[in-house]
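Chain by chain, the residues run as shown.
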Amino acid sequence: MYRMMIILVMLIGGILVSTVYTQEGTRLLEYGDIVMNSKQEAMKKAKVKLVVFPHWFHRIRYKCKACHPKLFVMERGANDIDMDKIMRGEYCGRCHNGIVAWEPLYCDRCHIYEPPGER
Amino acid sequence: MRRQVFMILLMGLLSLFMAHGALSLGKGRVDKKDIAEEIRKRIQAQLIRLGIPDPLSPPATRGFEDLPLALRYLPRDPYGYPDWTRAMEDGLLLPRDYIYGPEELGKERHYDKDVVIKVKDEVLGDVIFSHRKHNYWLSCDNCHPYPFKEKRGETKFTMYDNWKGKYCGLCHGKVAFMLRGIDNCLRCHTLRRN
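> Help me understand the packing of aromatic side chains in this model?
Aromatic rings considered in pairs are described by the distance between their centres and by the relative angle of their planes. Overall, the coordinates contain 13 aromatic pairs over all chains when judged by the stated rule. Arranged with centres 6.2 Å apart and planes meeting at 70°, the rings of Trp102(A) and Tyr106(A) form a pair that is edge-to-face. Relative accessible area serves as the criterion here: at 35%, Tyr106(A) is assigned to the partly exposed category. When the ring of Tyr136(B) is compared with that of Trp137(B), the centres are 5.2 Å apart and the planes differ by 85°; the resulting orientation is edge-to-face. For Trp137(B), a relative accessible area of 5% translates into the label buried. Here a set of aromatic residues connected by ring pairs shows up, and it is made of Tyr31(A), Trp56(A), Tyr81(B), Trp84(B), Tyr136(B) and Trp137(B).

Following this line, the structure appears as structure tokens:
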């Protein structure tokens, strides 16, 4: 009798837990993500999507002071970043050079964001 | 027979424990809700005038599966977002200060004194600004002299400025924890006055 009760409780618990944990996360932008859109027109011309910089992902490995304010000024649109500079080892290219982090050869790892209206 | 008695006792204890938990939880919530209501009453007119969305409505609560894989196992705040300060204090994270070498930082100064920021409000306590917690992540020139002048009391700002994305709001609300929800209010406004 007790064994049956325990089994029943476990079953119900299992169902409850599984319904909570299988909800799909449909969020595209995480809190702290920066969409880099100050060169929107140029990116559109080059037929690539907008760049998303995930702050929180980088924050696990680096403190803010590793990049700010020397590498990137803390102001939207104040950093004149382009792919040429990144290839030459400035801005993102300071780490993304194949030595510290992966080299900037995989467009679709950063150019991932489409504004909701244009999808 | 003995087993039955034991089970009944166990169930009774369990239910007592649960009831106690539920009661204390309820108490805490009511208390905080009252504070939130009181604050809302005071600031509502000004919020509408300045066009700031209601900061006392809590941010969307994040579940375990909601978060990206890399952030799931960090300590989390009441709304489910990663609590970076706790992660730092528990030693769960060992983020680097520099990319290649310590010479990048130049003359790094360490400052870990607390600053009390006086608040003109009777409901919320004064803010204890911990230089230690902020200096861990940021270097001095991130905040001084812009947006905060180094001399104490020289920079005057209001909470409305913060909600509009100036001063504290430059980071809090973008990468650091949001200035929304009563639980987040009480993370800074900690100092009780008599």
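Having seen it, we continue.
> Just checking my understanding: could you explain the interface of chain B and chain A for this structure?
For an interface, size is often stated in terms of accessible area lost upon the parts coming together. The interface is formed by 39 residues belonging to chain B together with 28 residues belonging to chain A. In total, about 3200 Å² of surface goes out of reach between chain B and chain A, with carbon and sulfur atoms giving 60% of it. For the chain B face of the interface with chain A, the top three residues by lost area are Ile99(B), Tyr100(B) and Trp137(B), together amounting to 20%. Along the contact surface separating chain B from chain A lie 16 residue pairs in polar contact (both at pLDDT 80 or more). Elements represented by at least two residues in the side of chain B that touches chain A include exactly helix 1 (2-50), helix 3 (131-137) and helix 4 (140-143) of chain B.

> Help me understand the pattern of salt bridges in this model?
It is possible for side chains of opposite charge to pair when their charged atoms get near one another. Across all of its chains, the model carries 19 salt bridges over all chains by this definition. Where Arg94(A) meets Glu104(B), a salt bridge forms, and the shortest distance between an N and an O atom there is 3.6 Å. Of this pair, Arg94(A) sits in the loop between helix 4 (83-87) and helix 5 (107-110) while Glu104(B) sits in the loop between helix 2 (84-89) and strand 1 (114-117), placing the two residues on different chains. We classify Arg94(A) as partly exposed; its relative accessible area is 29%. One continuous salt-bridge network, built from bridges that share partners, spans Asp77(B), Asp83(B), Arg86(B) and Arg187(B).

> Please clarify how the environment of Pro82(B) should be interpreted in this entry.
By the element assignment, Pro82(B) lies in the loop between helix 1 and helix 2. Given the relative accessible area of 4%, Pro82(B) is considered buried. Spatially, the C-alpha atom of Pro82(B) lies 8.7 Å from that of Phe177(B), the residues being 95 residues apart in sequence. Apart from residues no more than four positions distant in its own chain, Pro82(B) is found in contact with Trp56(A), Leu67(B), Leu71(B), Leu74(B), Pro75(B) and Arg76(B).

> Got a minute to help me understand a nonpolar patch on the surface in this structure?
Nonpolar side chains collect at one region of the surface, where Met83(A), Met87(A), Trp102(A), Leu105(A) and Tyr106(A) lie side by side and expose about 490 Å² of accessible area between them. Along the polypeptide, Met87(A) turns up in helix 4.

> Please clarify how the pairing of strand 1 (residues 33-36) of chain A should be interpreted in this entry.
Within a regular strand, the side chains alternate between the two sheet faces. All names here are of chain A. Of the two faces of strand 1, the one lined by Asp33 and Val35 is fully buried and the one lined by Ile34 and Met36 carries no buried residue. Pairing geometry for strand 1 and strand 2 (residues 50-54), over 4 bridges, is antiparallel. What sits directly across from Val35, in strand 2, is Val52.

The rules we used
Residues numbered from 1 in each chain as written. Chains lettered and ligands numbered in written order. Predicted model: local features only at pLDDT ≥ 70, side-chain atom pairs only at ≥ 80, totals over all residues. Heavy atoms only, no water. Phe/Tyr/Trp six-rings, centres within 6.5 Å; stacked < 30°, edge-to-face > 60°. Buried < 20%, exposed > 50% of the residue type's maximum accessible area, 1.4 Å probe, protein only. Contact = heavy atoms within 4.5 Å. Buried area = accessible area lost by both parts, 1.4 Å probe. Polar contact = N/O pair within 3.5 Å; in protein donor to acceptor, adjacent residues only side chain to side chain. Helix = DSSP H or I, 4+ residues; strand = E, 2+ residues; numbered from the N terminus. Salt bridge = Lys/Arg side-chain N within 4 Å of Asp/Glu carboxyl O. Patch = residues over 30% accessible without salt bridge, like charges linked within 9 Å, V, L, I, M, F, W, Y side chains within 5 Å. Areas by Shrake-Rupley, 256 points an atom, 1.4 Å probe, with all protein chains shown as cover. Pairing = 2+ DSSP bridges.

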